[in-house]
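The chain contents come next:
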Amino acid sequence: MIEFKDVHFQYGSLLVLDGVSFHVNRGSTKVIMGPSGTGKSTLLKLMLGLLKPDAGQVIVDGVDVGQAKRSEMNDVRRKIGMVFQDGALFDSLTVGENVGYSFLERGGMPIDEVEAKVREFLAQVGLDPGILDQLPDQLSIGMQRRVAIARALAACNPEIMLYDEPTTGLDPVTLETITDIIVELQEKMHMTSVVVTHQIPDALKVGSSFLILAGGKVVFDGSAEALAKCTIPMVMSFLEPFKKTLRASFTSLHSELGN
Amino acid sequence: MFKALNGFESRIKEQLLGLQDLTLFSVRILGLSVSGPFYVHDLYEQLHFMGVGSLHLVVLSTFFAGQGMAIQFVRELRSMGTEMYLGKLMVVAIVRALGPTLTGIVVASRTGAGITAEIGSMKSANQIDALIAFGTDPGRKLVVPRLLALLVMLPCLTLIADMVSLFGGSLVSVYQAHVSAISYWSMVRAYLTPENITVGMVKPVAYAFIISIVSCWKGFTTEGGTRGVGRSTTETVVICVVSILITDFVLTRVIFTWLGW
Ligand SMILES: Nc1ncnc2c1ncn2[C@@H]1O[C@H](COP(=O)(O)OP(=O)(O)OP(=O)(O)O)[C@@H](O)[C@H]1O
Ligand SMILES: [Mg+2]
(Lines give C-alpha, C1' and ligand atoms only; values in the text may rest on other atoms or scores of the structure.)
(Ligands and ions follow the chains in the order given, each with its own letter.)
Protein backbone atom coordinates (compact mmCIF):
# COMPACT_ATOMS: atom_id res chain seq x y z
CA MET A 1 0.00 0.00 0.00
CA ILE A 2 2.80 2.41 0.96
CA GLU A 3 6.33 1.87 -0.20
CA PHE A 4 9.54 3.84 0.30
CA LYS A 5 12.38 2.96 -2.05
CA ASP A 6 15.77 4.35 -1.05
CA VAL A 7 14.34 7.76 -0.21
CA HIS A 8 16.67 10.67 0.37
CA PHE A 9 15.42 13.97 1.63
CA GLN A 10 17.00 17.17 2.88
CA TYR A 11 15.77 20.55 4.11
CA GLY A 12 18.20 22.96 2.49
CA SER A 13 21.56 21.56 3.53
CA LEU A 14 20.23 19.47 6.42
CA LEU A 15 20.11 15.82 5.41
CA VAL A 16 17.11 14.23 7.13
CA LEU A 17 16.48 10.95 5.32
CA ASP A 18 19.48 9.09 3.96
CA GLY A 19 18.27 6.11 1.96
CA VAL A 20 15.10 4.97 3.69
CA SER A 21 13.28 1.89 2.40
CA PHE A 22 10.29 0.08 3.87
CA HIS A 23 6.76 -0.88 3.00
CA VAL A 24 3.42 -0.94 4.74
CA ASN A 25 1.07 -3.72 3.71
CA ARG A 26 -2.59 -3.12 3.06
CA GLY A 27 -4.61 -3.43 6.26
CA SER A 28 -1.60 -3.44 8.55
CA THR A 29 -0.38 -0.91 11.06
CA LYS A 30 3.17 0.32 10.99
CA VAL A 31 4.50 2.02 14.08
CA ILE A 32 7.36 4.44 13.50
CA MET A 33 9.60 5.31 16.42
CA GLY A 34 12.84 7.15 16.82
CA PRO A 35 14.50 10.01 18.66
CA SER A 36 13.12 13.51 18.30
CA GLY A 37 14.21 15.27 15.13
CA THR A 38 15.07 12.20 13.07
CA GLY A 39 12.46 12.88 10.41
CA LYS A 40 9.37 10.94 11.46
CA SER A 41 7.02 13.80 10.65
CA THR A 42 8.96 14.35 7.45
CA LEU A 43 8.27 10.74 6.51
CA LEU A 44 4.51 11.28 6.86
CA LYS A 45 4.64 14.50 4.87
CA LEU A 46 6.41 12.63 2.08
CA MET A 47 3.56 10.08 2.04
CA LEU A 48 1.05 12.90 1.57
CA GLY A 49 3.14 14.47 -1.17
CA LEU A 50 3.52 17.64 0.90
CA LEU A 51 7.24 17.18 0.38
CA LYS A 52 8.97 15.57 -2.57
CA PRO A 53 11.90 13.19 -2.15
CA ASP A 54 15.26 14.39 -3.48
CA ALA A 55 16.03 10.85 -4.61
CA GLY A 56 14.23 7.53 -4.48
CA GLN A 57 10.52 6.87 -4.72
CA VAL A 58 7.53 7.14 -2.44
CA ILE A 59 4.70 5.01 -3.74
CA VAL A 60 1.25 5.25 -2.21
CA ASP A 61 -1.48 2.97 -3.53
CA GLY A 62 0.40 2.49 -6.77
CA VAL A 63 1.05 6.19 -7.39
CA ASP A 64 4.57 7.60 -7.36
CA VAL A 65 4.01 10.62 -5.15
CA GLY A 66 7.16 12.38 -6.30
CA GLN A 67 6.11 12.36 -9.96
CA ALA A 68 2.31 12.50 -9.69
CA LYS A 69 0.34 15.31 -11.31
CA ARG A 70 -1.72 17.60 -9.12
CA SER A 71 -5.01 15.86 -9.93
CA GLU A 72 -3.55 12.39 -9.45
CA MET A 73 -2.11 13.49 -6.15
CA ASN A 74 -5.48 14.84 -5.01
CA ASP A 75 -7.06 11.45 -5.72
CA VAL A 76 -4.43 9.82 -3.54
CA ARG A 77 -4.90 12.38 -0.77
CA ARG A 78 -8.61 11.70 -0.75
CA LYS A 79 -7.84 8.19 0.49
CA ILE A 80 -5.67 9.44 3.32
CA GLY A 81 -6.64 10.83 6.71
CA MET A 82 -3.86 12.65 8.48
CA VAL A 83 -3.59 13.65 12.13
CA PHE A 84 -0.86 16.29 12.33
CA GLN A 85 1.52 16.43 15.25
CA ASP A 86 0.18 19.73 16.54
CA GLY A 87 -3.37 19.06 15.37
CA ALA A 88 -3.16 21.76 12.68
CA LEU A 89 -6.82 22.63 13.19
CA PHE A 90 -8.03 25.58 11.13
CA ASP A 91 -8.17 28.19 13.86
CA SER A 92 -10.50 30.53 12.01
CA LEU A 93 -13.14 27.79 11.80
CA THR A 94 -15.25 26.35 14.62
CA VAL A 95 -14.78 22.80 15.86
CA GLY A 96 -17.83 21.75 13.85
CA GLU A 97 -16.53 23.33 10.66
CA ASN A 98 -13.16 21.70 11.22
CA VAL A 99 -14.55 18.21 11.63
CA GLY A 100 -17.02 18.71 8.80
CA TYR A 101 -14.39 20.28 6.58
CA SER A 102 -14.21 17.48 4.03
CA PHE A 103 -18.03 17.36 3.69
CA LEU A 104 -18.26 21.14 3.32
CA GLU A 105 -15.34 21.10 0.91
CA ARG A 106 -16.97 18.58 -1.40
CA GLY A 107 -20.32 20.31 -1.02
CA GLY A 108 -23.71 18.89 -1.89
CA MET A 109 -24.55 17.72 1.61
CA PRO A 110 -27.30 19.60 3.48
CA ILE A 111 -25.96 21.48 6.47
CA ASP A 112 -27.97 19.63 9.12
CA GLU A 113 -26.78 16.33 7.73
CA VAL A 114 -23.20 17.56 8.02
CA GLU A 115 -23.89 18.56 11.60
CA ALA A 116 -25.28 15.13 12.43
CA LYS A 117 -22.16 13.52 10.95
CA VAL A 118 -19.92 15.88 12.90
CA ARG A 119 -21.70 14.97 16.16
CA GLU A 120 -21.20 11.32 15.33
CA PHE A 121 -17.47 11.73 14.75
CA LEU A 122 -17.03 13.85 17.87
CA ALA A 123 -18.79 11.20 19.93
CA GLN A 124 -16.53 8.59 18.37
CA VAL A 125 -13.44 10.27 19.83
CA GLY A 126 -15.18 10.79 23.15
CA LEU A 127 -15.90 14.50 22.84
CA ASP A 128 -19.06 16.27 23.97
CA PRO A 129 -20.85 17.48 20.80
CA GLY A 130 -21.62 20.66 22.77
CA ILE A 131 -18.22 22.07 21.76
CA LEU A 132 -19.37 22.23 18.15
CA ASP A 133 -19.46 26.01 18.04
CA GLN A 134 -16.27 26.68 19.95
CA LEU A 135 -13.04 27.75 18.31
CA PRO A 136 -10.01 25.44 18.51
CA ASP A 137 -8.21 28.03 20.66
CA GLN A 138 -10.76 27.52 23.41
CA LEU A 139 -9.99 23.81 23.74
CA SER A 140 -7.23 22.07 25.67
CA ILE A 141 -4.41 20.47 23.72
CA GLY A 142 -5.81 16.98 24.36
CA MET A 143 -9.23 18.01 23.09
CA GLN A 144 -7.67 19.63 20.03
CA ARG A 145 -5.86 16.39 19.31
CA ARG A 146 -9.13 14.48 19.46
CA VAL A 147 -10.85 17.00 17.21
CA ALA A 148 -7.97 16.52 14.77
CA ILE A 149 -8.56 12.76 14.82
CA ALA A 150 -12.29 13.26 14.27
CA ARG A 151 -11.51 15.54 11.35
CA ALA A 152 -9.18 13.00 9.78
CA LEU A 153 -11.75 10.22 10.24
CA ALA A 154 -14.40 12.36 8.61
CA ALA A 155 -12.19 12.77 5.54
CA CYS A 156 -14.24 10.74 3.08
CA ASN A 157 -13.76 7.23 4.52
CA PRO A 158 -10.01 7.19 4.41
CA GLU A 159 -8.31 3.94 3.47
CA ILE A 160 -5.08 5.06 5.03
CA MET A 161 -4.68 6.87 8.32
CA LEU A 162 -1.49 8.64 9.28
CA TYR A 163 -1.09 9.62 12.92
CA ASP A 164 1.75 11.89 14.03
CA GLU A 165 2.18 11.31 17.76
CA PRO A 166 -1.56 11.07 18.44
CA THR A 167 -1.16 10.26 22.12
CA THR A 168 1.65 12.54 23.25
CA GLY A 169 0.65 14.71 26.18
CA LEU A 170 -2.69 13.07 26.85
CA ASP A 171 -4.10 11.76 30.11
CA PRO A 172 -4.17 7.95 30.50
CA VAL A 173 -7.91 7.67 29.87
CA THR A 174 -7.91 9.71 26.68
CA LEU A 175 -4.75 7.95 25.62
CA GLU A 176 -6.53 4.64 25.97
CA THR A 177 -9.55 5.90 24.03
CA ILE A 178 -7.37 6.99 21.16
CA THR A 179 -5.37 3.79 21.07
CA ASP A 180 -8.66 1.89 21.06
CA ILE A 181 -9.94 3.99 18.17
CA ILE A 182 -6.84 3.22 16.16
CA VAL A 183 -7.16 -0.50 16.84
CA GLU A 184 -10.89 -0.48 16.14
CA LEU A 185 -10.49 1.30 12.83
CA GLN A 186 -7.92 -1.19 11.80
CA GLU A 187 -9.99 -4.21 12.79
CA LYS A 188 -13.40 -3.06 11.60
CA MET A 189 -12.49 -1.16 8.48
CA HIS A 190 -9.23 -2.90 7.59
CA MET A 191 -7.59 0.44 7.41
CA THR A 192 -3.90 0.77 6.68
CA SER A 193 -2.29 2.92 9.34
CA VAL A 194 1.02 4.53 10.07
CA VAL A 195 1.45 5.66 13.66
CA VAL A 196 4.34 7.76 14.86
CA THR A 197 4.65 7.46 18.60
CA HIS A 198 7.03 7.47 21.53
CA GLN A 199 4.66 5.57 23.79
CA ILE A 200 6.00 2.04 23.57
CA PRO A 201 3.09 0.39 25.43
CA ASP A 202 0.56 1.86 22.97
CA ALA A 203 2.81 1.14 20.09
CA LEU A 204 2.71 -2.54 21.00
CA LYS A 205 -1.05 -2.43 21.26
CA VAL A 206 -1.68 -0.90 17.85
CA GLY A 207 1.26 -1.98 15.75
CA SER A 208 1.63 -5.04 13.57
CA SER A 209 5.14 -4.07 12.59
CA PHE A 210 7.66 -1.60 13.89
CA LEU A 211 10.21 0.69 12.37
CA ILE A 212 12.88 2.59 14.19
CA LEU A 213 14.46 5.53 12.47
CA ALA A 214 17.71 7.08 13.61
CA GLY A 215 20.29 9.23 11.94
CA GLY A 216 18.34 9.31 8.71
CA LYS A 217 18.37 5.53 8.34
CA VAL A 218 16.09 2.65 9.22
CA VAL A 219 17.82 0.85 12.08
CA PHE A 220 15.06 -1.66 12.71
CA ASP A 221 12.06 -2.89 10.76
CA GLY A 222 10.13 -5.93 11.90
CA SER A 223 7.60 -7.53 14.21
CA ALA A 224 7.12 -6.94 17.92
CA GLU A 225 8.74 -10.27 18.66
CA ALA A 226 11.84 -9.37 16.72
CA LEU A 227 11.87 -6.01 18.46
CA ALA A 228 11.90 -7.61 21.89
CA LYS A 229 14.79 -9.84 20.86
CA CYS A 230 16.66 -7.18 18.95
CA THR A 231 20.29 -6.76 19.95
CA ILE A 232 21.25 -3.78 17.82
CA PRO A 233 22.84 -1.36 20.34
CA MET A 234 21.02 1.68 18.95
CA VAL A 235 17.64 -0.03 19.26
CA MET A 236 18.42 -1.40 22.67
CA SER A 237 19.43 1.96 24.08
CA PHE A 238 16.30 3.51 22.62
CA LEU A 239 14.11 0.83 24.12
CA GLU A 240 15.96 0.59 27.43
CA PRO A 241 13.50 2.66 29.47
CA PHE A 242 10.70 0.51 28.17
CA LYS A 243 12.35 -2.89 28.33
CA LYS A 244 10.27 -3.87 31.33
CA THR A 245 6.93 -2.96 29.75
CA LEU A 246 8.03 -4.56 26.56
CA ARG A 247 8.79 -7.84 28.28
CA ALA A 248 5.74 -7.65 30.50
CA SER A 249 3.39 -7.05 27.61
CA PHE A 250 5.04 -9.93 25.82
CA THR A 251 4.45 -12.32 28.61
CA SER A 252 0.82 -11.22 28.84
CA LEU A 253 0.43 -11.42 25.09
CA HIS A 254 1.88 -14.90 25.07
CA SER A 255 -0.24 -16.10 27.97
CA GLU A 256 -3.32 -14.64 26.23
CA LEU A 257 -2.45 -16.43 23.05
CA GLY A 258 -1.65 -19.55 25.01
CA ASN A 259 -5.09 -19.63 26.62
CA MET B 1 37.26 39.57 0.54
CA PHE B 2 36.28 36.59 -1.57
CA LYS B 3 34.08 35.37 1.21
CA ALA B 4 32.21 38.67 1.28
CA LEU B 5 31.86 38.59 -2.48
CA ASN B 6 30.57 35.04 -2.32
CA GLY B 7 27.98 36.01 0.23
CA PHE B 8 26.89 38.90 -1.95
CA GLU B 9 26.64 36.65 -4.99
CA SER B 10 24.52 34.08 -3.19
CA ARG B 11 22.27 36.83 -1.84
CA ILE B 12 21.65 38.12 -5.37
CA LYS B 13 20.99 34.59 -6.53
CA GLU B 14 18.53 34.09 -3.70
CA GLN B 15 16.72 37.33 -4.58
CA LEU B 16 16.50 36.34 -8.24
CA LEU B 17 15.14 32.91 -7.34
CA GLY B 18 12.61 34.60 -5.08
CA LEU B 19 11.56 36.89 -7.90
CA GLN B 20 11.17 33.90 -10.20
CA ASP B 21 9.00 32.13 -7.61
CA LEU B 22 6.89 35.25 -7.18
CA THR B 23 6.37 35.48 -10.93
CA LEU B 24 5.35 31.83 -11.24
CA PHE B 25 3.07 32.29 -8.24
CA SER B 26 1.35 35.33 -9.83
CA VAL B 27 0.86 33.51 -13.12
CA ARG B 28 -0.69 30.52 -11.34
CA ILE B 29 -3.01 32.72 -9.28
CA LEU B 30 -4.11 34.66 -12.36
CA GLY B 31 -4.96 31.34 -13.98
CA LEU B 32 -6.96 30.24 -10.96
CA SER B 33 -8.82 33.53 -10.67
CA VAL B 34 -10.32 33.33 -14.16
CA SER B 35 -11.55 29.75 -13.86
CA GLY B 36 -13.73 28.21 -11.18
CA PRO B 37 -14.60 26.69 -8.85
CA PHE B 38 -14.58 29.63 -6.45
CA TYR B 39 -14.85 29.75 -2.70
CA VAL B 40 -17.74 32.20 -2.67
CA HIS B 41 -18.09 32.26 1.09
CA ASP B 42 -14.43 33.17 1.53
CA LEU B 43 -14.73 35.85 -1.13
CA TYR B 44 -17.68 37.38 0.69
CA GLU B 45 -15.79 37.34 3.97
CA GLN B 46 -12.79 39.06 2.39
CA LEU B 47 -14.94 41.70 0.71
CA HIS B 48 -16.34 42.54 4.11
CA PHE B 49 -12.98 42.47 5.87
CA MET B 50 -11.25 44.63 3.28
CA GLY B 51 -14.02 47.07 2.55
CA VAL B 52 -15.67 47.72 5.87
CA GLY B 53 -12.48 47.07 7.82
CA SER B 54 -10.34 49.64 6.00
CA LEU B 55 -13.01 52.27 5.45
CA HIS B 56 -12.49 54.30 8.62
CA LEU B 57 -8.71 54.38 8.16
CA VAL B 58 -9.00 55.50 4.56
CA VAL B 59 -11.58 58.16 5.40
CA LEU B 60 -9.61 59.50 8.33
CA SER B 61 -6.26 59.68 6.55
CA THR B 62 -7.53 61.13 3.29
CA PHE B 63 -9.76 63.69 4.99
CA PHE B 64 -6.72 65.25 6.64
CA ALA B 65 -4.37 64.67 3.71
CA GLY B 66 -6.84 66.51 1.45
CA GLN B 67 -7.02 69.48 3.78
CA GLY B 68 -3.27 69.58 4.23
CA MET B 69 -2.80 69.67 0.49
CA ALA B 70 -5.49 72.36 0.07
CA ILE B 71 -3.87 74.62 2.67
CA GLN B 72 -0.59 74.48 0.73
CA PHE B 73 -2.32 75.23 -2.54
CA VAL B 74 -4.31 78.16 -1.14
CA ARG B 75 -1.16 79.92 0.02
CA GLU B 76 0.47 79.67 -3.42
CA LEU B 77 -2.71 80.53 -5.31
CA ARG B 78 -3.41 83.56 -3.11
CA SER B 79 -0.04 85.09 -3.98
CA MET B 80 -1.25 85.17 -7.59
CA GLY B 81 -4.84 85.99 -6.72
CA THR B 82 -6.12 82.76 -8.26
CA GLU B 83 -7.76 81.06 -5.28
CA MET B 84 -10.75 80.06 -7.41
CA TYR B 85 -8.56 77.47 -9.13
CA LEU B 86 -8.25 75.47 -5.92
CA GLY B 87 -10.86 72.98 -7.18
CA LYS B 88 -8.83 72.28 -10.30
CA LEU B 89 -5.60 71.73 -8.43
CA MET B 90 -7.37 69.49 -5.96
CA VAL B 91 -8.70 67.25 -8.73
CA VAL B 92 -5.27 66.96 -10.28
CA ALA B 93 -3.53 66.33 -6.97
CA ILE B 94 -6.12 64.08 -5.37
CA VAL B 95 -7.98 62.17 -8.06
CA ARG B 96 -4.97 61.68 -10.32
CA ALA B 97 -2.22 61.19 -7.77
CA LEU B 98 -2.66 61.29 -4.02
CA GLY B 99 -6.02 59.53 -3.64
CA PRO B 100 -5.12 56.19 -5.24
CA THR B 101 -1.60 56.10 -3.84
CA LEU B 102 -2.51 57.07 -0.30
CA THR B 103 -5.38 54.58 -0.28
CA GLY B 104 -3.04 51.91 -1.65
CA ILE B 105 -0.51 52.57 1.09
CA VAL B 106 -3.12 52.58 3.85
CA VAL B 107 -4.62 49.31 2.59
CA ALA B 108 -1.18 47.75 2.12
CA SER B 109 -0.25 48.46 5.70
CA ARG B 110 -3.52 47.23 7.15
CA THR B 111 -4.88 44.53 4.85
CA GLY B 112 -1.56 43.45 3.32
CA ALA B 113 0.08 43.05 6.70
CA GLY B 114 -3.01 41.23 7.97
CA ILE B 115 -2.97 38.76 5.08
CA THR B 116 0.71 37.92 5.53
CA ALA B 117 0.31 37.48 9.28
CA GLU B 118 -2.71 35.22 8.84
CA ILE B 119 -1.29 33.01 6.10
CA GLY B 120 2.14 33.01 7.76
CA SER B 121 0.65 31.78 11.04
CA MET B 122 -1.33 29.13 9.17
CA LYS B 123 1.90 28.05 7.52
CA SER B 124 3.82 27.72 10.75
CA ALA B 125 0.94 25.80 12.40
CA ASN B 126 0.91 23.28 9.53
CA GLN B 127 -2.58 24.45 8.55
CA ILE B 128 -1.55 25.00 4.95
CA ASP B 129 -0.32 21.40 4.82
CA ALA B 130 -3.62 20.32 6.36
CA LEU B 131 -5.54 22.18 3.63
CA ILE B 132 -3.52 20.44 0.94
CA ALA B 133 -4.01 17.09 2.69
CA PHE B 134 -7.77 17.65 2.41
CA GLY B 135 -7.39 18.21 -1.31
CA THR B 136 -7.91 21.97 -1.05
CA ASP B 137 -5.75 24.16 -3.24
CA PRO B 138 -4.48 26.94 -0.93
CA GLY B 139 -4.15 29.22 -3.95
CA ARG B 140 -7.83 28.83 -4.71
CA LYS B 141 -8.99 28.93 -1.11
CA LEU B 142 -6.78 31.68 0.28
CA VAL B 143 -5.31 33.79 -2.51
CA VAL B 144 -8.02 34.07 -5.15
CA PRO B 145 -10.71 35.38 -2.75
CA ARG B 146 -8.27 37.98 -1.43
CA LEU B 147 -7.18 39.05 -4.90
CA LEU B 148 -10.74 39.35 -6.22
CA ALA B 149 -11.95 41.14 -3.08
CA LEU B 150 -9.13 43.65 -3.30
CA LEU B 151 -9.74 44.18 -7.05
CA VAL B 152 -13.29 45.20 -6.17
CA MET B 153 -12.66 47.01 -2.92
CA LEU B 154 -9.54 49.06 -3.63
CA PRO B 155 -11.15 51.05 -6.49
CA CYS B 156 -14.24 51.59 -4.30
CA LEU B 157 -12.14 52.76 -1.38
CA THR B 158 -10.19 55.02 -3.74
CA LEU B 159 -13.42 56.65 -4.95
CA ILE B 160 -14.45 57.25 -1.38
CA ALA B 161 -11.00 58.59 -0.55
CA ASP B 162 -11.21 61.01 -3.49
CA MET B 163 -14.60 62.24 -2.32
CA VAL B 164 -13.49 62.71 1.26
CA SER B 165 -10.31 64.58 0.25
CA LEU B 166 -12.21 66.83 -2.10
CA PHE B 167 -14.66 67.51 0.71
CA GLY B 168 -11.74 68.36 2.99
CA GLY B 169 -10.53 70.71 0.26
CA SER B 170 -13.92 72.40 0.15
CA LEU B 171 -13.71 73.20 3.85
CA VAL B 172 -10.34 74.87 3.32
CA SER B 173 -11.76 76.65 0.30
CA VAL B 174 -14.64 78.15 2.26
CA TYR B 175 -12.93 78.96 5.54
CA GLN B 176 -9.43 79.90 4.42
CA ALA B 177 -9.56 80.93 0.79
CA HIS B 178 -13.03 82.49 1.13
CA VAL B 179 -14.11 80.95 -2.14
CA SER B 180 -17.71 79.72 -1.93
CA ALA B 181 -18.44 76.04 -1.86
CA ILE B 182 -20.52 76.40 -5.02
CA SER B 183 -17.67 77.77 -7.09
CA TYR B 184 -15.23 75.24 -5.57
CA TRP B 185 -17.43 72.29 -6.51
CA SER B 186 -18.22 73.63 -9.98
CA MET B 187 -14.48 73.93 -10.59
CA VAL B 188 -14.06 70.36 -9.33
CA ARG B 189 -16.87 69.16 -11.61
CA ALA B 190 -15.34 70.84 -14.64
CA TYR B 191 -12.06 69.00 -14.12
CA LEU B 192 -13.49 65.60 -13.26
CA THR B 193 -13.02 64.60 -16.88
CA PRO B 194 -13.08 60.98 -18.07
CA GLU B 195 -9.31 61.21 -18.62
CA ASN B 196 -8.63 62.36 -15.07
CA ILE B 197 -10.86 59.67 -13.68
CA THR B 198 -9.22 56.98 -15.83
CA VAL B 199 -5.78 58.01 -14.66
CA GLY B 200 -7.02 57.73 -11.08
CA MET B 201 -8.85 54.44 -11.41
CA VAL B 202 -6.26 52.38 -13.29
CA LYS B 203 -3.85 52.68 -10.38
CA PRO B 204 -5.95 50.98 -7.68
CA VAL B 205 -6.41 47.98 -9.96
CA ALA B 206 -2.65 47.62 -10.26
CA TYR B 207 -2.17 48.21 -6.54
CA ALA B 208 -4.75 45.53 -5.72
CA PHE B 209 -2.66 43.00 -7.67
CA ILE B 210 0.54 44.07 -5.96
CA ILE B 211 -0.86 44.02 -2.43
CA SER B 212 -2.70 40.71 -2.64
CA ILE B 213 -0.02 38.78 -4.51
CA VAL B 214 2.90 40.06 -2.45
CA SER B 215 1.17 39.62 0.90
CA CYS B 216 -0.08 36.10 0.16
CA TRP B 217 3.29 35.05 -1.25
CA LYS B 218 5.10 36.43 1.79
CA GLY B 219 2.68 34.47 3.96
CA PHE B 220 3.30 31.20 2.13
CA THR B 221 7.08 31.61 2.24
CA THR B 222 7.15 32.38 5.96
CA GLU B 223 9.66 30.27 7.88
CA GLY B 224 10.72 30.27 11.48
CA GLY B 225 7.66 30.47 13.73
CA THR B 226 6.27 33.64 15.25
CA ARG B 227 9.41 35.64 14.65
CA GLY B 228 9.28 34.61 11.01
CA VAL B 229 5.68 35.81 10.81
CA GLY B 230 6.74 39.19 12.20
CA ARG B 231 9.56 39.44 9.70
CA SER B 232 7.43 38.57 6.67
CA THR B 233 4.72 40.98 7.76
CA THR B 234 7.18 43.85 7.91
CA GLU B 235 8.63 42.83 4.55
CA THR B 236 5.17 42.79 3.02
CA VAL B 237 4.49 46.39 4.04
CA VAL B 238 7.90 47.55 2.85
CA ILE B 239 7.69 45.75 -0.51
CA CYS B 240 4.10 46.88 -1.12
CA VAL B 241 4.69 50.54 -0.28
CA VAL B 242 7.84 50.78 -2.38
CA SER B 243 6.23 48.91 -5.30
CA ILE B 244 3.15 51.14 -5.10
CA LEU B 245 5.25 54.29 -5.31
CA ILE B 246 7.29 52.92 -8.22
CA THR B 247 4.16 51.69 -10.02
CA ASP B 248 2.59 55.11 -9.47
CA PHE B 249 5.44 56.72 -11.35
CA VAL B 250 5.54 54.14 -14.14
CA LEU B 251 1.79 54.10 -14.67
CA THR B 252 1.60 57.89 -14.69
CA ARG B 253 4.29 58.00 -17.38
CA VAL B 254 2.63 55.31 -19.46
CA ILE B 255 -0.87 56.73 -19.21
CA PHE B 256 0.29 60.26 -19.97
CA THR B 257 2.04 59.01 -23.10
CA TRP B 258 -1.03 57.04 -24.06
CA LEU B 259 -3.30 60.07 -23.57
CA GLY B 260 -0.82 62.23 -25.49
CA TRP B 261 -0.43 64.68 -22.56
N1 LIG C 1 10.47 23.19 7.45
C2 LIG C 1 11.68 22.80 7.87
N3 LIG C 1 12.77 23.47 7.46
C4 LIG C 1 14.00 23.11 7.85
N5 LIG C 1 14.25 22.07 8.66
C6 LIG C 1 13.21 21.35 9.11
C7 LIG C 1 11.87 21.68 8.74
N8 LIG C 1 11.04 20.79 9.33
C9 LIG C 1 11.83 19.95 10.03
N10 LIG C 1 13.13 20.27 9.91
C11 LIG C 1 14.27 19.55 10.50
O12 LIG C 1 14.24 18.24 10.01
C13 LIG C 1 14.52 17.31 11.02
C14 LIG C 1 13.41 16.28 11.10
O15 LIG C 1 12.21 16.91 11.48
P16 LIG C 1 10.89 16.10 11.81
O17 LIG C 1 9.85 17.08 12.19
O18 LIG C 1 10.58 15.19 10.68
O19 LIG C 1 11.34 15.27 13.10
P20 LIG C 1 10.50 14.26 13.98
O21 LIG C 1 11.18 12.95 13.91
O22 LIG C 1 9.07 14.31 13.61
O23 LIG C 1 10.71 14.86 15.43
P24 LIG C 1 9.69 14.91 16.67
O25 LIG C 1 9.69 13.57 17.29
O26 LIG C 1 10.28 15.93 17.58
O27 LIG C 1 8.36 15.31 16.14
C28 LIG C 1 14.69 18.11 12.31
O29 LIG C 1 16.07 18.19 12.57
C30 LIG C 1 14.15 19.46 12.01
O31 LIG C 1 14.94 20.43 12.63
MG1 LIG D 1 7.37 14.96 14.46
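Refer to the structure above for everything that follows.
**Q** I tried to follow the nonpolar core on my own but got confused; where do I start?
**A** Where a protein is soluble and globular, its nonpolar side chains tend to be buried together. In this structure, Ile2(A), Phe4(A), Leu17(A) and Leu162(A) are the most contacted members of the largest nonpolar core, which totals 76 residues. The dominant element in this core, judged by the number of residues it contributes, is helix H5 (residues 138-175) of chain B, at 10 residues. Discounting residues that sit within four places of it in the chain, Ile2(A) has contacts with Phe22(A), His23(A), Val24(A), Met47(A), Ile59(A), Val60(A), Ile160(A), Leu162(A) and Val194(A). Ranked by size, the runner-up nonpolar core spans 47 residues in total, among them Val99(A), Ala148(A), Leu175(A) and Phe220(A).

**Q** Mind showing me how you'd approach the coordination of the magnesium ion (ligand 2) here?
**A** By definition of the ideal shapes, four donors in a tetrahedron about a metal sit 109.5 degrees apart, and six donors in an octahedron sit 90 or 180 degrees apart. Protein ligation of the magnesium ion (ligand 2) involves Ser41(A) (OG) and Gln85(A) (OE1), the donor distances falling in the range 1.9 to 2.2 Å. Linking Ser41(A) in helix H1 (residues 40-47) with Gln85(A) in the loop between strand S6 (80-83) and helix H3 (95-99), this pair joins segments that are 44 residues apart in sequence.

**Q** What is the right way to look at a nonpolar patch on the surface in this model?
**A** On the surface, Val238(B), Val242(B), Ile246(B), Phe249(B), Val250(B) and Val254(B) cluster together into a nonpolar patch covering about 550 Å² of accessible area. Position of Val254(B) among the secondary structure elements: in helix H8 (residues 225-259).

**Q** Is there a simple way to explain the sheet that holds strand S7 (residues 160-164) of chain A in this structure?
**A** Strand pairing in a sheet relies on backbone hydrogen bonds, with the paired strands running either antiparallel or parallel. Residues and elements named next belong to chain A. Spatially, the six strands line up as an open sheet ordered S6-S7-S8-S3-S9-S10, and their pairing is mixed. Edge strands, defined here as strands with exactly one partner in the open sheet, are S6 and strand S10 (217-222). With direction set aside, neighbouring strand axes in the sheet form an average angle of 15°. In this sheet, S10 lies alongside strand S9 (residues 209-214) in antiparallel orientation, the contact comprising five bridges. Opposite Phe 210, over in S10, you have Gly 222 as the bridge partner.

**Q** Honestly, helix H5 (residues 111-124) of chain A in this entry has me stumped. Any pointers?
**A** Think of an α-helix as turning once every 3.6 residues; residues three or four places apart then point the same way. Residue and element names in this part refer to chain A. End to end, H5 covers 20 Å across 14 residues, agreeing with the expected 20 Å (1.5 Å per residue, within 8%). Listed as buried for H5 are Val 114, Val 118, Phe 121 and Leu 122. Viewed along the axis of H5, the buried residues span an arc of 100°, placing them on a single side of the element. Turned more than 90 degrees away from the buried face of H5, the exposed residues are Asp 112 and Glu 120. Where H5 is buried, its residues contact H3, helix H4 (101-106) and helix H6 (141-154).

Conventions we followed
Residues numbered from 1 in each chain as written. Chains lettered and ligands numbered in written order. Predicted model: local features only at pLDDT ≥ 70, side-chain atom pairs only at ≥ 80, totals over all residues. Heavy atoms only, no water. Core = buried A, V, L, I, M, F, W, Y, C linked by side-chain atoms within 4.5 Å. Buried < 20%, exposed > 50% of the residue type's maximum accessible area, 1.4 Å probe, protein only. Helix = DSSP H or I, 4+ residues; strand = E, 2+ residues; numbered from the N terminus. Contact = heavy atoms within 4.5 Å. Donors = N, O, S within 2.8 Å, 3.2 Å for Na, K, Ca; no water. Patch = residues over 30% accessible without salt bridge, like charges linked within 9 Å, V, L, I, M, F, W, Y side chains within 5 Å. Areas by Shrake-Rupley, 256 points an atom, 1.4 Å probe, with all protein chains shown as cover. Salt bridge = Lys/Arg side-chain N within 4 Å of Asp/Glu carboxyl O. Pairing = 2+ DSSP bridges. Axes fitted to C-alpha atoms, helices over the stretch in contact; angles between N-to-C directions. Expected span 1.5 Å × (residues − 1). Arc of directions from axis to C-beta.

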